[in-house]
Amino acid sequence: MVEIELDGKKVEVPPGSMVMHAAEKAGTYIPHFCYHKKLSIAANCRMCLVDVEKAPKAMPACATPVTQGMIVRTQSDKAVKAQKSVMEFLLINHPLDCPICDQGGECQLQDLAVGYGGSGSRYQEEKRVVFHKNVGPLISMEEMSRCIHCTRCVRFGQEIAGVMELGMSHRGEHAEIETFVGQSVDSELSGNMIDICPVGALTSKPFRYSARTWELSRRKSVSPHDSTGANLVVQVKNHQVMRVVPLENEAVNECWIADRDRFSYEALHGADRLTQPMLKQGGEWKTVDWQTALEYVANGLRQVKGAHGAGAIGLLASPHATVEELALAGALVRGLGSENIDSRLRAADPGAVAPQGQARWLGRPIAELSTLQRVLVVGSNLRKDHPLFAQRIRQAVRRGAQLSALVEAAPQWAMNVKHTLLSDSTAWASALAGVAAAVAAEKGVSAPVPVEPTDAQRAIAASLLGGEHKAVLLGNAAAHHAQATSLLALAQFIAQHTGASVGYLTEAANTVGAQLVGAVPGQGGLHAGRMLGGALKAALLLNVEAEDTAAGLQGLANTDMVVTLSPFKTNLDVSDVLLPIAPFTETSGSFVNAEGRLQSFHAVVPPLGDTRPAWKVLRVLGNLLELPGFDADSSQAVLARALPGVASGGLVPAERLNNQAAGATIDTTPAAAKPCVASIYQLDALVRRAPSLQLTADARRARAEEGVAA
């Protein structure tokens, strides 16, 4: 450790640290704009000038390495005079429009100008004006005259998102931040540029001019989309969600969130929100009260059970539903005597499930993805399926990790992929068997499938046999594959003989939690494909739409009764009852993310109209059916019964997380069909209804590909 003196206090920091790092450790604030703890050092704003003893002039704290015995003063006349001079330069061309700036009230420049700015300007010339730019539906660059050229956005694109979408052109007072040849900003992490911009140059286009920051209440929540479980701060005005920003959690999402976490709130205000229960009578939808709707459902379930047996009743649940909702859904179906419940809506291998009470998971903590040295990703569009996992692996690759991929098309992951094994998805089992055979040959053991590996398969095997921290990660397409069990068994063999962990990236916010609380078929129960194929007489759809499934909902057209529980008016062609349930912002609940971390959250706004939390709807329905175990008076009570002993923020016990494919028979014959995988902005009901997300290049590309496929 290196010891320095900072404002009279002794501070110890590791060698290679900068004065800024020492100040952070000591709790001393040094004003700055371009410095950000997650980005490289640029030292171009000069706001962090400090007085270093024996240095002839003030030095930038962010770019001055510490040396043994260094004496630094941050409040001396020399330092303060230098900082005030820098502030005067920054304000020379800055427009004085704080009252109409969207950043007003949360602007670093505004805050520091109070302490370091002058009461008047000596500058008499005309201020520079920078022409506005249209860079897409998410980020507004309408006021680029406010830019102070800190280059945080440029460095974020290069280092975190992996795509240099913004850059600085020209020099001196003509310098400006812009995209290349008029392109739009299309990274799936682009919204983070809004957060790290210290002025009002980059702002949120959907939020623009809708509220002032001091009018907003701030409440913690958890993302309901992918399996990261990103921590959020939801900002509310007049009981309406106005903006979503990240809540820092180093173990989960660091200080970043994906664009679908940030902008999907737009769907909450959409015209197709369902706010009252509805029944279909004579082919027309009628609004009814909750008592009527729930009694209709309860009577219908009794009639189906009496006429066809409990095995004719089934429930399909979204893996984006909360632990509490899924636990009560399972209790409802099983209380009626059926085991027909499934949350694996896009899966094609019904046998690919962990033993009862256990779950498939990531195989290691999320934070450790950044420290991997060797990675094999099987069947995933990593960058779009799991943007924040991709960001962590990107950091590992920047530090020298070797990334290999078994995919159908050349990966566009905005990072260096060392080895790529291209294969038609129907033949992934055969391709992975070749990698396993190459590993077996190197280790001198019998291969699980006796095949002759190709050069590409040997290269991947050789990569995995090097390094120390290693992982084999199965993506959404591998989990939904018709030979998912075989892929897991082969991945398990490779991991076992290379010293790697094996895990699933897992698709949805609560894929792991759904397995833990039994939202999968029990003994003799029907899986999702069978239920959607017309095997039911009564079906309950918990947050499920046609786009969430591999086969659509047409197989339910001849079902006696279909009940949809959703925040939206959906499934109108197949449903008989619509029950309005609360989205994640209007209910309390919990998700279990890919690493097995349970994270609970509260409602941030009251339910809209007659909307009710789904756990309450299911509890009352259980009471009407006179089923035992439906007496909980809070979501916390439901959680305590479903996952006893697991606290919010804590990890599920290791014995309940299982990625073993014990005794699996490996089948390498070509699969009958390709796996069903959702594109980035078609993953769930919220992102599908967020207008700004649907205007992005990713959404337009997905729609074009679906049109071609159709």
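Reading guide: rules and limits
Residues numbered from 1 in each chain as written. Predicted model: local features only at pLDDT ≥ 70, side-chain atom pairs only at ≥ 80, totals over all residues. Heavy atoms only, no water. Helix = DSSP H or I, 4+ residues; strand = E, 2+ residues; numbered from the N terminus. Rg over C-alpha atoms; globule rule 2.2 N^0.38 Å. Buried < 20%, exposed > 50% of the residue type's maximum accessible area, 1.4 Å probe, protein only. Contact = heavy atoms within 4.5 Å. Areas by Shrake-Rupley, 256 points an atom, 1.4 Å probe, with all protein chains shown as cover. Lys, Arg positive; Asp, Glu negative; His and termini not counted. Charge placed at Lys NZ, Arg CZ, Asp CG, Glu CD. Pairing = 2+ DSSP bridges. Axes fitted to C-alpha atoms, helices over the stretch in contact; angles between N-to-C directions. Domains from an automatic or database assignment. Buried area = accessible area lost by both parts, 1.4 Å probe. Salt bridge = Lys/Arg side-chain N within 4 Å of Asp/Glu carboxyl O. Polar contact = N/O pair within 3.5 Å; in protein donor to acceptor, adjacent residues only side chain to side chain. Nonpolar A, V, L, I, M, F, W, Y, C, P; charged D, E, K, R; others polar. Expected span 1.5 Å × (residues − 1). UniProt positions renumbered as here; feature names shortened; annotations may be inferred.

Participant: How should I be thinking about the overall build of the protein chain in this particular structure?
Facilitator: Helix and strand counts for the protein chain stand at 21 helices and 27 strands. The C-alpha atoms of the protein chain give a radius of gyration of 28 Å, which matches the 27 Å a tight globule of 710 residues would have. The principal-axis extents of the C-alpha atoms in the protein chain amount to approximately 90 × 70 × 50 Å. Here the protein chain, with 710 residues, has 59% of them falling under the buried criterion. The contacts in the protein chain between residues at least 6 apart in sequence include a share of 69% that link residues at least 24 apart. A total accessible area of about 27,900 Å² is found for the protein chain, and carbon and sulfur atoms account for 51% of it. When the 66 basic and 69 acidic side-chain charges of the protein chain are each reduced to a single mean position, those positions are 4 Å apart.

Participant: Can you walk me through the sheet that holds strand S12 (residues 231-237) in this structure?
Facilitator: Within a sheet, each strand pairs with its neighbour through backbone hydrogen bonds, oriented either parallel or antiparallel. With respect to topology, three strands assemble into an open sheet ordered S11-S12-S13, the strand pairing being antiparallel. Sheet topology places strand S11 (217-222) and strand S13 (240-246) at the edges, where each strand pairs with a single neighbour. Direction aside, neighbouring strands of the sheet carry axes that sit 30° apart on average. With six bridges connecting them, S12 and S13 associate as antiparallel partners. Paired with valine 233 across the two strands is valine 245, which belongs to S13.

Participant: Would you take a moment to explain the domain arrangement of the protein chain for this structure?
Facilitator: For interface size, the figure often reported is the accessible area lost on association. For the protein chain, the assigned domains are domain 1 (2-92), domain 2 (122-267), domain 3 (278-357 + 511-654) and domain 4 (366-503). Domain 2 and domain 4 are separated by 34 Å when their C-alpha centres are compared. Opposite the 24 residues of domain 2 that make contact, domain 4 presents 15 residues. Looking only at domain 2, the three residues that lose the most surface to domain 4 are Glu159, Glu188 and Thr228, adding up to 30% of its buried area. Counting the contacts that link domain 2 with domain 4 gives three salt bridges. Glutamate 188 is the partner of arginine 383 in a salt bridge, and the nearest nitrogen-oxygen pair spans 2.9 Å. Summed over the shared surface of domain 2 and domain 4, the result is nine residue pairs in polar contact (both at pLDDT 80 or more). Along the lines of polarity and charge, the residues of the side of domain 2 that touches domain 4 split into ten nonpolar, six polar and eight charged.

Participant: Help me understand helix H11 (residues 428-443) in this model?
Facilitator: Think of an α-helix as 3.6 residues a turn; residues three or four steps apart then line up on the same face. Taking 1.5 Å per residue, 16 residues should reach 22 Å; H11 reaches 23 Å between its end C-alpha atoms and fits that length. Of all the 16 residues making up H11, twelve are buried; the element is thus mostly covered by neighbouring parts of the structure. Trp428, Ala429, Ala431, Leu432, Ala433, Gly434, Val435, Ala436, Ala437, Ala438, Val439 and Ala440 are the residues of H11 that are buried. Buried residues along H11 sit against strand S18 (374-378), strand S19 (402-407), strand S20 (419-422), helix H12 (455-465), helix H13 (476-479) and helix H14 (484-498). Positioned one or two residues after H11, glycine 444 has a phi angle of 70°, which is positive.

Participant: Is there a simple way to explain the UniProt feature "domain: 4Fe-4S His(Cys)3-ligated-type" (unreviewed entry) in the protein chain in this structure?
Facilitator: Mapped onto this structure's residue numbering, the UniProt feature "domain: 4Fe-4S His(Cys)3-ligated-type" (unreviewed entry) falls at residues 78-117. In residues 78-117, the share of helix is 60% and the share of strand is 0%. The end C-alpha atoms are 16 Å apart.

Participant: Just checking my understanding: could you explain the pattern of salt bridges for this structure?
Facilitator: Side chains carrying opposite charge are able to pair once their charged atoms draw close together. Throughout the structure, instances matching the rule amount to 36 salt bridges. For glutamate 143, the salt bridge is made with arginine 208, and the minimal N-O distance between the two is 3.9 Å. Residue glutamate 143 is located in the loop between strand S7 (139-141) and helix H4 (152-161), and its partner arginine 208 is located in the loop between strand S10 (203-204) and S11; the two are separated by 65 residues in the primary sequence. Across the pair arginine 597 and glutamate 595 runs a salt bridge, and its minimum N-O distance is 2.7 Å. Connected through salt bridges with shared partners, the residues Asp272, Arg346, Glu507, Glu545, Asp548, Arg688 and Arg689 form a single ionic network.

Participant: Any chance you could explain the pairing of strand S23 (residues 538-542) here in plain terms?
Facilitator: As a general feature of sheets, a regular strand has side chains that alternate between the two faces. In terms of residue burial, S23 counts as a mostly covered element, since five of its five residues are buried. Of the strand pairs in this sheet, S23 and strand S24 (residues 561-566) are connected by five bridges, and their pairing is parallel. Bridging from a neighbouring strand, leucine 540 pairs with valine 563 of S24.

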